[in-house]
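Descriptive structure summary
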Amino acid sequence: MEEVRMEKLYEGKAKIIYPSSEAGMVRVYFKDDATAFNGQKRAQIAGKGAVNNQIASALFGYLEEHGIPTHFVRQLSEREMLVRQVQIVPLEVIVRNRTAGTFARRYGVEEGRVLPKPLLEFSYKNDALGDPLIYPEAALALGLLSEAELERIRALALQINTLLKDYFAQRNLELVDFKLEFGRLADGRLVLADEISPDTMRLWEMGSGEKMDKDRFRRDLGGVEEAYQEVLRRVQGL
Ligand code: C5P
């Protein structure tokens, strides 16, 4: 039943959401499509969908085992996972351990500087506006979430950072920064949603600092498929 193609509920840049035969669940299908710079740069990365599904499934499983509530139920197939249906909180929650990317550009600092403590940033998920940075107070003023939800998201994001930093350090990868999205279950409980993969994280090889993530695509560094495959290999512990 799960393999039967049904009408899409939603199609994003890297994933498609399909209905599931199980109540309260949906299927997430991971595409090979890659976009950067708000969709201005587009390409296909061969095998990315399968790799990201496997990485995200493993990471959600690991986080669940460590007490983080997520939407993840189980991996269904090479490119699909079963998740609880949520209403997405329209915020991108970015956690940074070192300077990189837009943070380094915005403040004119070099990449790779260790931050004194993990930094949380929020963007308003709105393609038409280009996902602008948003003050948490502005998100509250706009009614995007409640104060209790904001505090819960902050606490969860920092816990997730601690867990993922440790997980990747054991695999000789440094977690530089990453983006999270949260959703509300039918009963209002917040869970980690969307995906966690080399599309949504910066991972640097410890020692050499070699980039093992989507920056290889954004910056035309080559070896994109190989880097994603190598992250999967380490996640699988092979
Ligand atoms: O581009 P920036 O430096 O702000 O990205 C910070 C982190 O958040 C990176 O790991 C990037 O891959 C991730 N991100 C994302 N989706 C976005 C913006 C950033 O996954 N729309």
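Scope of this entry: the structure provided in the associated data block. Model, not experiment: these values are computed from the prediction. For every chain, the first residue of the written sequence is number 1, and numbering continues from 1 onward in sequence order. At least 70 in pLDDT is required for a residue's local features to be given in this predicted model, at least 80 for side-chain atom pairs to be given and counted, and no such filter applies to totals for whole chains, interfaces and linings, which use all residues. Side-chain measures here rest on the full set of heavy atoms in the structure, leaving out hydrogens and waters.

1. Some details on the overall build of the protein
The secondary structure listing takes helices from DSSP runs of H or I that are at least 4 residues long and strands from runs of E that are at least 2 residues long, numbered from the N terminus. Each helix and strand in the protein was counted, giving six helices and 14 strands. Taken over the C-alpha trace, the protein has a radius of gyration of 17 Å; the compact-globule value for 238 residues is 18 Å, and the two agree within 12%. Dimensions of the protein, computed from C-alpha atoms along their principal axes, come out at roughly 50 × 45 × 35 Å. In the protein, buried positions account for 52% of the 238 residues. Any pair of residues with heavy atoms lying within 4.5 Å of one another is described as a contacting pair. Summarising the internal contacts of the protein: among those between residues at least 6 apart in sequence, 57% fall at separations of at least 24. For the area figures, the Shrake-Rupley method with a 1.4 Å probe applies, and any residue is considered shielded solely by the protein chains shown. For the protein, the exposed surface amounts to about 11200 Å²; the carbon and sulfur share of it is 51%. Counted charges follow a simple rule, with Lys and Arg positive, Asp and Glu negative, and His plus the chain ends left uncounted. To locate a charge, take NZ of a lysine, CZ of an arginine, CG of an aspartate or CD of a glutamate. For the protein, the separation between the mean place of its 34 positive charges and that of its 37 negative charges on side chains is 2 Å. Only the C-alpha atoms count toward the radius of gyration. The rule for a globule is 2.2 Å times the residue count to the power 0.38. Only protein chains enter the accessibility calculation, which uses a 1.4 Å probe; a residue whose area is less than 20% of its type maximum is buried, one above 50% is exposed, and one in between is partly exposed.

2. Observations concerning the site of the ligand
Proximity is defined per residue: any heavy atom of the residue falling within 4 Å of a molecule or strand makes that residue near it. Around the ligand, 14 residues are found, and the nearest of them are R96, T102, D177, R202 and R218. In protein, a polar contact requires one atom able to donate a hydrogen and another able to accept it; more generally it is a pair of N or O atoms within 3.5 Å, and residues adjacent in sequence count only if both atoms are side-chain atoms. Between the ligand and the protein, one listed contact pairs an oxygen atom with a backbone N or O atom of T200 at 3.5 Å. In the environment of the ligand, an oxygen atom lies 2.9 Å from a nitrogen or oxygen atom belonging to the side chain of R202. Isolated, the ligand exposes 450 Å² of accessible area, and the fraction of that covered by the protein chains is 82%. Mapped by element, the contributors of at least two residues to the shell around the ligand are β9 (91-98), α2 (101-107), β11 (173-180) and β14 (201-205). Split by residue class, the shell around the ligand holds four nonpolar, three polar and seven charged. Under this grouping Gly is polar, as are all residues other than the nonpolar Ala, Val, Leu, Ile, Met, Phe, Trp, Tyr, Cys and Pro and the charged Asp, Glu, Lys and Arg.

3. Overview of the sheet that holds strand β7 (residues 80-84)
DSSP-based pairing: two strands are paired if at least 2 bridges between them are found. Read from one edge to the other, the open sheet built from five strands follows the order β1-β2-β3-β7-β6, with strand pairing classed as antiparallel. Lying at the two open borders of the sheet, with one neighbouring strand each, are β1 (10-11) and β6 (72-75). Sheet analysis places β6 next to β7, joined by three bridges and oriented antiparallel. The partner of R74 across the bridge, within β7, is L82. In this analysis, axes come from line fits to C-alpha atoms, helices being fitted only over the stretch in contact, and the angle between any two N-to-C directions falls in the range 0 to 180 degrees. Its contacts with the sheet put helix α1 (residues 48-65) on β3 (25-30), β6 and β7, and the angle it makes with β6 is roughly 130°.

4. Section: the layout of surface pockets
Looking at the second largest pocket, its volume works out to about 180 Å³. Put plainly, a pocket is an open set of points on a 1 Å grid over the protein atoms alone with protein on both sides within 12 Å along at least five of seven lines, a cavity is a set where a 1.4 Å probe fits but cannot get out, and a lining residue has an atom within 4 Å of a point. What lines the second largest pocket is R106, Y107, L120, E121, F122, L133, I134, Y135 and P136. Looking at the lining of the second largest pocket, the elements that each hand over two or more residues are α2 and β10 (114-124). Class assignment for the residues of the lining of the second largest pocket results in seven nonpolar, no polar and two charged. Grid points are joined across faces, edges and corners, and a volume is the space filled by probe spheres set on the points.

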